[in-house]
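# Summary of the model geometry
Single-letter residue listing:
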Amino acid sequence: MSVAAQFSELYGYEPAGVWAAPGRVNLIGEYTDFNEGFVMPLALPHTAVAAVAKRTDGVLRLHSADIDAPITELRVDELTPLSKYGQGGWAAYPAGVVWALRDAGHEITGADIHLASTVPTGAGLSSSAALEVVTAYALNELFALGLDRPRLAVLAQRAENVFVGVPCGVMDQMASACSTEGHALHLDCRDLSTRQVPFDLAAQGLELLVVDTRVKHELGDGAYAERRAGCEEGARVLGVSHLRDVAYDELDAALATLEQAQVDEKVVRYVRHIVTDDHRVEQVIALLDAGDVRSIGPVLGQGHRSLRDDLRISCPELDLVVDTATAAGAIGARMTGGGFGGSAIVLVENADADAVTKSVLAAFEAAGYAAPRVFPAVPSAGARRES
Ligand code: ADP
Ligand code: MG
């Protein structure tokens, strides 16, 4: 049954429209977003789809086809940050968007929303951003707010940061809102300027595989905050507002300054990761602009080692994907997203995709890990109206 038909069955009337917003995978540039640096995500074919109708009585009703729970009914003028809405707190994501829009002065007088998503949750593929962005995009159209995509992304991020209480950067929402088919999105997290960089894998005979390890190790949340604090300390000692301001060719001097100031050795590692990963984003862009997609492989591998050894956010499952895929002939591979589980990406020749996938599956079985989920990341469109 279509999402629109599910809406009709649930609420007893037809939705005003159906909207979709994708999950994303990050090609390169990890933990650089909150350092006001560069990232380069691409939208996945997997989307959160929302059937929505406007209300004028202040009532907000929320339902997800993917959560076994009844409709969550709220009042838009009573939405409170950090409240748990819906089974497992899921409804706080769309409710947070309504709150963020209203808090920014936009008159949202209520809505009925029914959602269904094909974005795997908790796999580092931003199912949460897809949910937020589809809600923001739909309400923007329904209430004729006239907000542009970056503005919607920022409000969606605010919903997640302030309302849900997750301190994420803006990359996920920007990727879901602003991506276009056949491109990766170069995003400058300082001013939110974007450029669509051609990333036509199929034309090159290539595939980018996503390997979802289906594990999520506990230390994730605390580790993110700790890395963030470490980066802030590094920036403070170096006298810059954000690590983005440390140029790649000044890295050695910056590291020497940090050592002289006797900061914790981990701060030195974090700074090295951020500055080199920003540089890797620029390298990847130059290669893609030159049409040399294969040459990004080694850069992906360097990115993985930096995440594993300097930022230290990898885990045995992610390392196993990268090592096995590389040994089986992949052009490049790295973990992607927040780390401690979630997904890795693997760039392969079309002809090698099956063999590489089989090697990874066999390695997981041999290690006694649950089978990972493997699928191709086809660079897809950002948020849009479906019907
Ligand atoms: P990620 O964004 O990496 O997938 P998060 O932990 O940030 O992981 O977001 C996952 C959460 O988003 C889920 O626990 C749930 O609350 C919410 N969510 C995602 N997809 C759906 C869905 N289809 N229906 C309801 N809630 C969802
Ligand atoms: Mg998320």
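These numbers were taken from a predicted model, which means no experiment stands behind them.

### Observations regarding the overall build of the protein chain
The secondary structure content of the protein chain amounts to eleven helices and twelve strands. The C-alpha atoms of the protein chain give 21 Å as radius of gyration, which agrees with the globular expectation for 387 residues (21 Å, within 12%). Principal-axis analysis of the C-alpha atoms gives the protein chain an extent of 60 × 50 × 40 Å. When burial is assessed residue by residue, the protein chain has 57% of its 387 residues classed as buried. For the protein chain, the accessible surface area stands at approximately 15000 Å², while carbon and sulfur atoms represent 49% of it. Looking at the protein chain, you have 31 positive and 52 negative side-chain charges, and the mean spots of the two groups are 2 Å apart.

### Focus on the packing of aromatic side chains
Applying the stated criterion across every chain yields a total of eight aromatic pairs. Between Phe7 and Tyr13 the ring centres are 5.4 Å apart and the planes differ by 85°, which places this aromatic pair in the edge-to-face class. Here Phe7 falls in the buried class, since its relative accessible area comes to 0%. Residue Tyr13 is classed as partly exposed on the basis of its relative accessible area of 31%. Every member of this aromatic cluster is reached through a ring pair, and the members are Phe7, Tyr11 and Tyr13. The ring of Phe143 carries the charged tip of Lys54 above its face, separated from the ring centre by 4.9 Å.

### With respect to the packing of helix H3 (residues 127-142) against helix H5 (residues 171-178)
Here H3 crosses H5 at 55°, and the two axes come no closer than 9 Å. As far as their axial angle goes, H5 and H3 are oblique. Crossing of H3 against H5: the hand is right-handed. Contact with H3, carried on its side by Ala129, Ala130, Glu132 and Val133, involves Asp172, Gln173, Ser176 and Ala177 of H5 and no other residues of that element.

### Side note on the side chain of Glu317
With respect to the helices and strands, Glu317 occurs in helix H10 (residues 316-327). Despite its burial, Glu317 remains without a salt bridge, the nearest opposite charge being carried by Lys216 at 11 Å. Aside from chain neighbours lying at most four places away, what touches Glu317 is Thr213, Val215, His217, Phe364 and Tyr369.

### Describing the site of ligand 1
Surveying the vicinity of ligand 1 reveals 15 residues, the closest of which are Ser64, Asp66, Gly122, Ser127 and Ser128. Take Asp66: an N or O atom from its side chain is 2.6 Å from a nitrogen atom of ligand 1. The side chain of Ser128 places a nitrogen or oxygen atom 3.0 Å from an oxygen atom of ligand 1. When ligand 1 is considered free in solution it has 560 Å² of accessible area, and contact with the protein chains removes 78% of it. Per-class residue counts for the shell around ligand 1 are six nonpolar, eight polar and one charged.

### Comments concerning the pattern of salt bridges
Within the structure shown, the criterion is met by 21 salt bridges. Members of the salt-bridge network, linked through shared partners, are Arg55, Asp57, Arg61 and Asp112.

### Remarks on the nonpolar core
In this structure, Leu27, Met40, Leu60 and Phe199 are the most contacted members of the largest nonpolar core, which totals 84 residues. Look past the residues within four positions of Met40 in its chain and what remains in contact with it is Asn26, Leu27, Ile28, Ala184, Leu185, His186, Val197, Val281, Val284, Ile285 and Leu288.

### Description of unusual backbone geometry
Backbone phi values are negative for most residues with the exception of glycine, while trans is the configuration of most peptide bonds. In this structure, Ala144 takes a positive phi of about 45° despite not being glycine. Positionally, Ala144 belongs in the loop between H3 and helix H4 (149-164). Despite not being glycine, Leu192 has its phi angle at roughly 60°, a positive value. On the secondary structure map, Leu192 appears in the loop between strand E6 (183-188) and strand E7 (193-198).

### So, the sheet that holds strand E9 (residues 332-335)
Strands sit in the order E9-E10-E8-E11 across an open sheet of four strands; the sheet is antiparallel. A strand with exactly one partner marks an edge of an open sheet, and here the two such strands are E9 and strand E11 (373-376). Across this sheet, the average inter-strand angle for adjacent strands is 20°, counted without regard to direction. Pairing of strand E8 (residues 206-216) with E11 involves four bridges; the strand directions are antiparallel. Considered in E11, the bridge of Leu209 is made with Pro376. Here helix H9 (residues 296-311) sits on the sheet and contacts E9 and strand E10 (341-349); the angle it forms with E9, its principal contact strand, is near 30°.

The rules behind the values
- Residues numbered from 1 in each chain as written.
- Chains lettered and ligands numbered in written order.
- Predicted model: local features only at pLDDT ≥ 70, side-chain atom pairs only at ≥ 80, totals over all residues.
- Heavy atoms only, no water.
- Helix = DSSP H or I, 4+ residues; strand = E, 2+ residues; numbered from the N terminus.
- Rg over C-alpha atoms; globule rule 2.2 N^0.38 Å.
- Buried < 20%, exposed > 50% of the residue type's maximum accessible area, 1.4 Å probe, protein only.
- Areas by Shrake-Rupley, 256 points an atom, 1.4 Å probe, with all protein chains shown as cover.
- Lys, Arg positive; Asp, Glu negative; His and termini not counted.
- Charge placed at Lys NZ, Arg CZ, Asp CG, Glu CD.
- Phe/Tyr/Trp six-rings, centres within 6.5 Å; stacked < 30°, edge-to-face > 60°.
- Lys NZ or Arg CZ within 6 Å of the ring centre and 35° of its normal.
- Axes fitted to C-alpha atoms, helices over the stretch in contact; angles between N-to-C directions.
- Parallel < 35°, antiparallel > 145°, perpendicular 65-115°, else oblique.
- Left-handed = near helix turned anticlockwise from the far one by under 90°.
- Contact = heavy atoms within 4.5 Å.
- Salt bridge = Lys/Arg side-chain N within 4 Å of Asp/Glu carboxyl O.
- Near = heavy atom within 4 Å.
- Polar contact = N/O pair within 3.5 Å; in protein donor to acceptor, adjacent residues only side chain to side chain.
- Nonpolar A, V, L, I, M, F, W, Y, C, P; charged D, E, K, R; others polar.
- Core = buried A, V, L, I, M, F, W, Y, C linked by side-chain atoms within 4.5 Å.
- Pairing = 2+ DSSP bridges.

In short, the description is geometric, and any link to function would need to be established separately.
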